Amino acid sequence: MTTISLLFTGELLDRVSRWRAMRTIDELIMIVPVVLNLKGNLEMNLSARLGTAANMGGLDDRGAQRKIVGGNLALLQVQATVVAFVAACVAMLLGLFVPQYSSPVDPFPQNSTLSLTARVPGPSLPSGDSQQSGSVRFTMVASSAMTSTCLSSIILGVFMSFLVIICRRYGRDPDNIAPPIASGLGDLLTLSLLGAISSILINVVNTPIPLVCGILTILSATICVLLVRRNKSVKDLLYQGWIPLFGAMAISCASGIVLDMFVSRYKGFPLLAIAISGLPGSVGSIFVSRLSTALHTASANTYLHKSEPSPKLVMVTFILITVPIVILFLCLLRASGWLKFSLIFAILLVLFFCCAVFTSLVLARSLTDLLWSRGFDPDIYALPIHSALVDLVGQVLLVLCFEIVSYLGTDS
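Residues numbered from 1 in each chain as written. Predicted model: local features only at pLDDT ≥ 70, side-chain atom pairs only at ≥ 80, totals over all residues. Heavy atoms only, no water.

The next thing to look at is the nonpolar core. Of all hydrophobic cores here, the largest spans 55 residues; its most connected members are Leu272 and Leu330. Sorting the residues of this core by element identifies helix H3 (26-55), helix H4 (62-95), helix H7 (209-229), helix H9 (269-299), helix H10 (311-336), helix H11 (343-373) and helix H12 (378-411) as the ones contributing at least two each. Among all residues touching Leu330, those that are not within four sequence positions of it are Leu272, Phe341, Ala346, Leu349 and Val350. By size, the runner-up hydrophobic cluster in this structure holds 37 residues, among which are Leu28, Ile29, Val136 and Leu194. (Core = buried A, V, L, I, M, F, W, Y, C linked by side-chain atoms within 4.5 Å. Buried < 20%, exposed > 50% of the residue type's maximum accessible area, 1.4 Å probe, protein only. Helix = DSSP H or I, 4+ residues; strand = E, 2+ residues; numbered from the N terminus. Contact = heavy atoms within 4.5 Å.)

Turning next to H7. Compared with the 30 Å implied by 1.5 Å per residue over 21 residues, the 31 Å span of H7 between its first and last C-alpha is a close match. Those residues of H7 lying buried are Pro210, Gly214, Thr217, Ala221, Cys224 and Val228. In a view along the axis of H7, the buried residues occupy a sector of 80 degrees, so they form one face of it. Of the residues in H7, the exposed ones pointing more than 90 degrees away from the buried face are Leu216 and Ile223. (Expected span 1.5 Å × (residues − 1). Arc of directions from axis to C-beta.)

On to the confidence of the model for the chain, then. Averaged over the chain, the pLDDT score is 77; the fraction of residues at 70 or greater is 82%. Looking over the chain, one finds the lowest element-wise mean pLDDT in helix H1 (residues 2-16), namely 70, and the highest in H7, namely 91. Overall, residues 101-132 carries pLDDT values under 50, and its contacts beyond four positions in sequence, including any with other chains, amount to 51 contacts. (pLDDT = per-residue confidence, 0-100.)

Once that is clear, we can look at H11. In this model H11 runs 45 Å from its N-terminal to its C-terminal C-alpha over 31 residues, within 8% of the 45 Å that 1.5 Å per residue would give. At the C-terminal side of H11, Gly375 shows a positive phi close to 85 degrees.

A few words on the pattern of salt bridges. Summed over all chains, the structure comprises one salt bridge. Between Asp369 and Arg365 there is a salt bridge whose closest N-O contact spans 3.8 Å. Taken together, the residues span about one helical turn, with Asp369 and Arg365 both in helix H11 at a distance of four residues. On the basis of relative accessible area, Asp369 is assigned to the partly exposed category, the value being 38%. (Salt bridge = Lys/Arg side-chain N within 4 Å of Asp/Glu carboxyl O.)

Let us now look at the side chain of Gln77. When you line up the elements, Gln77 lands in helix H4. On the basis of relative accessibility, which here comes to 10%, the residue Gln77 falls in the buried class.

Here you go:
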């Protein structure tokens, strides 16, 4: 299910990057990795917290269940609004320094299976002074980001809470199910909403409508702050976890720059970038959740009534499972006609994918053990940093794969 959602997310990103809003305001495409990473971190943190609470019996009582779930959903709205607004600010700053490519660079021969393409220049915003144009762009980016992330949080948060409760009721471990679904569906849903909302708002960009949407979103987040402060089960979380989120955002900025530079240069780059970052990230999130639950239950002297395999065995199993999945993913891309590539490219991509999965698993174990030894909750602190690093590593490996194949294609 995660692989299928990543497949459609990659295809959607490839299409959305050519829509009018994305071509008109470059910061909208630059904000995509930042928003998806931060938004995915929020959902994965939610699933990890609820999974740990479920495995420790915290969701068995209906009253406690309502307080924990309701408080976490309200907290999710606050976090989504804040990270979307900050991501918009960062995207606007990056837009001042990142070079724009308007023509192909070093084109490949006509018979090459991988070609360099340039994104078609989009229409510019209506003329006006630079300060007014900058404020219009910022309002557009911030409103699109905040509205899409908040709507996605409502939909996906309710779904994830229901999924964790169902897993607990039927004896399934939510740590194995919830994080990858949160990552895959979260990216697909948020990107869909971001593309749709930005496409709507670009038509009224010079009216007060984008500003009104942003103000309404901030007001709803303010109400959620009051609800969270009255909820003892999540009250402390309102002040925790911001450092790893913004640390992850800083790392995601590098991913955003990579995406903005190469999304218009290599055909199929968005499709593959989602997969080579998303699937290893999902595997790592499962590993973090399992390790975190084991540490929490051990410290609370709570036993899960099941035998836990060794971490090394889990890592080897994840690598063996994901290799056939990425091969199937490439076969689906080829069969559907979404992307054509050579055998050399496929082999190199699988090798780099294995490197990304191994890096993800090593980072997951190292971060979890390090944070736990320092007194930090891995459910809150590990997943954001891990996800951002895996996204960056995956995209860098993908660029390296394209460059190697391009070099070989030029010589052949």
